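# Commentary on secondary and tertiary structure
In case you want the letters, here they are:
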Amino acid sequence: MVRAHFKSVVFVAILIGATFLLRPLGAASDDDAAIATSLADMLRAARQVISNNQVRINDPNLGDKGLTGRVVLEQALVIYKKNTGTDPASIDPASRHGRLLRAQMDAIVEATDANQATINAKGVGFKGFIPAVFARLVNEAFENRAKNEAQVKVTAPEQLVRNRKARPDAWETDVIRTKLVQPDWARGEAYSAETQISGRQAFRMMMPEYYAASCLTCHGSPKGETDITGYPKEGGKEGDLGAVISVTLLK
Ligand code: HEC
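These lines cover the structure that appears in this document, whether it is placed above or below. Counting of residues starts from 1 at the beginning of each chain's written sequence and follows it residue by residue. Per-residue local features of the predicted model are confined to residues with pLDDT of at least 70, and side-chain atom pairs are confined, for both listing and counting, to 80 or more; whole-chain, interface and lining totals are unaffected and use all residues. To obtain the side-chain values, all non-hydrogen atoms of the structure were used and water was disregarded.

## Let's talk about the environment of alanine 36
The cut-off we apply is this: Here a helix means four or more residues in a row that DSSP labels H or I, a strand means two or more in a row labelled E, and each is numbered from the N terminus. For this analysis, residues touch if any pair of their heavy atoms sits within 4.5 Å.
Mapped onto the elements, alanine 36 comes out in helix H2 (residues 32-52). If we ignore the near neighbours within four places in the chain, the residues touching alanine 36 are Phe203, Met205, Met207, Val247 and Leu249.

Given below as structure tokens:
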């Protein structure tokens, strides 16, 4: 009898323990790491849309490409849903995740619509409208909307950075040097930490990306040779750490 009672107490204790353990999973959509990952996934999806349409964008014979902000966002949503299994529409707009993701979706529309003249220019082949430039414009528009709450930035190891706006700050530089480029760092694994930015508590997450063969027409060899965009090539190799999506969530 006493023994049976003891057993049921243990059983209840295990149940309570399991409930606590599982709770963070249930609440994951508002966790810092989940939000940061989601914002990176949406940026990647939008960047992929520009990449998928690059040949059309670069076609000098085509005028109107039909690539409005709405269209780019729609295509990005298809990719985001496929990659994450989540429909952003299902994320409560009143939650921090829902609010920030919607601000980012609005930023995607804004950055695309603001560049229609460039995208649709007839008689011009390469227009400089490439995924990296688009991602920067989206991130700038997002920062204006999410001011004082969140920032998404695409950076890279210092020696690879082209646009000075993309330079890693001291914390990012340290994470790249001491973690992401280390030979024992698990490939593709993100690094995150609670830290301070100008006196404010912040959650920061760094998500590494590696050069694919397609990147090397611009970032590859011979090092120093001018690429189609006018920048000197970095001499990068396939598989090198070439980019880091850095997300900051301010408290
Ligand atoms: C057509 C040439 C071209 C290709 C292909 C290309 N990039 Fe870039 N990349 C650029 C240019 C130009 C910039 C500067 C963008 C700007 O003005 O912000 C840039 C910027 C970046 C940045 C932001 C940091 C910085 O240097 O300013 C990263 C990270 C990056 N590229 C990584 C990649 C990766 C990874 C790939 C392949 C998936 C790739 N790039 C493909 C031309 C290219």
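## Overview of the coordination of the iron atom of the ligand
To be explicit about the condition: Only N, O and S atoms count as donors, using a 2.8 Å cut-off from the metal and 3.2 Å for Na, K and Ca, and because water is excluded some sites may appear unfinished.
When only protein atoms are considered, the iron atom of the ligand has one donor, His219 (NE2), at a distance of 2.1 Å. In this fold, histidine 219 is placed in helix H9 (residues 216-219).

## Quick word on the pattern of salt bridges
A side chain with one charge may pair with a side chain of the opposite charge, provided their charged atoms come close. Threshold: In what follows, salt bridge is the name for a side-chain nitrogen of Lys or Arg lying within 4 Å of a carboxyl oxygen of Asp or Glu. Only protein chains enter the calculation, and the probe is 1.4 Å; a residue is then buried if its accessible area is under 20% of its type maximum, exposed if over 50%, and partly exposed in between.
Here the structure, examined in full by the defined rule, presents 18 salt bridges. The salt bridge involving aspartate 169 is made with arginine 204; its shortest N-O contact spans 3.0 Å. Taken together, the residues span a long stretch of sequence, with aspartate 169 in the loop between strand S1 (150-155) and helix H8 (170-180) and arginine 204 in strand S3 (residues 200-210) at a distance of 35 residues. Taking relative accessible area as the criterion, aspartate 169 reaches 30% and is therefore assigned partly exposed. Connected through salt bridges with shared partners, the residues Asp32, Arg96, Glu194 and Lys251 form a single ionic network.

## A short note on the nonpolar core
Put simply, the test is: Within this scheme, the nonpolar core is defined by two criteria: the residues are buried Ala, Val, Leu, Ile, Met, Phe, Trp, Tyr or Cys, and they are joined through side-chain atoms within 4.5 Å.
Judged by nonpolar contacts, the single largest core of 43 residues is most densely connected at Leu39, Leu100, Ile108, Phe134, Phe142, Val247 and Leu249. When residues of this core are traced back to their parent elements, those giving at least two are H2, helix H4 (69-84), helix H5 (96-113), helix H7 (131-145), S1, S3 and strand S4 (241-250). No other element matches the ten residues that H2 contributes to this core. Non-local contacts of phenylalanine 142, meaning those with residues more than four positions away in its chain, are made with Leu39, Leu100, Ala103, Gln104, Ala107, Ala150, Gln151 and Val152. With eight residues, the next largest nonpolar core counts Val175, Ile176, Leu180 and Ala193 among its residues.

## Quick word on the layout of surface pockets
Filter applied, for reference: Definitions used for this entry: grid spacing 1 Å over protein atoms alone; cavity, a set of points where a 1.4 Å probe fits but cannot get out; pocket, an open set with protein on both sides within 12 Å along at least 5 of 7 lines; lining residue, one with an atom within 4 Å of a point. Grid points are joined across faces, edges and corners, and a volume is the space filled by probe spheres set on the points. Charged residues are taken to be Asp, Glu, Lys and Arg, nonpolar residues to be Ala, Val, Leu, Ile, Met, Phe, Trp, Tyr, Cys and Pro, and polar residues to be all remaining types, Gly included.
In this structure, the largest pocket encloses a volume near 1,500 Å³. Elements with a contribution of two residues or more to the lining of the largest pocket: H2, H7, S1, S3, H9 and S4. Top element by residues in the lining of the largest pocket is H7. It accounts for eight residues. Among the residues forming the lining of the largest pocket, the class breakdown is 21 nonpolar, 15 polar and twelve charged. Each pocket or cavity is described by its volume, and for the second largest pocket that value is around 190 Å³.

## Structural notes on the sheet that holds strand S2 (residues 191-197)
For clarity, the threshold we go by: A strand pair is defined by DSSP finding two or more bridges across the two strands. Note on geometry: axes are C-alpha line fits, over the in-contact stretch for helices, and angles between N-to-C directions span 0 to 180 degrees.
With antiparallel pairing, the four strands of this open sheet are ordered in space as S1-S4-S3-S2. Edge positions in the sheet fall to S1 and S2, since each has one partner strand and no second. Averaged over all pairs of adjacent strands, the angle between their axes in this sheet comes to 20°, without regard to strand direction. Alignment of S2 against S3, held across seven bridges, turns out to be antiparallel. Following the sheet pairing, threonine 195 is matched in S3 by alanine 202.

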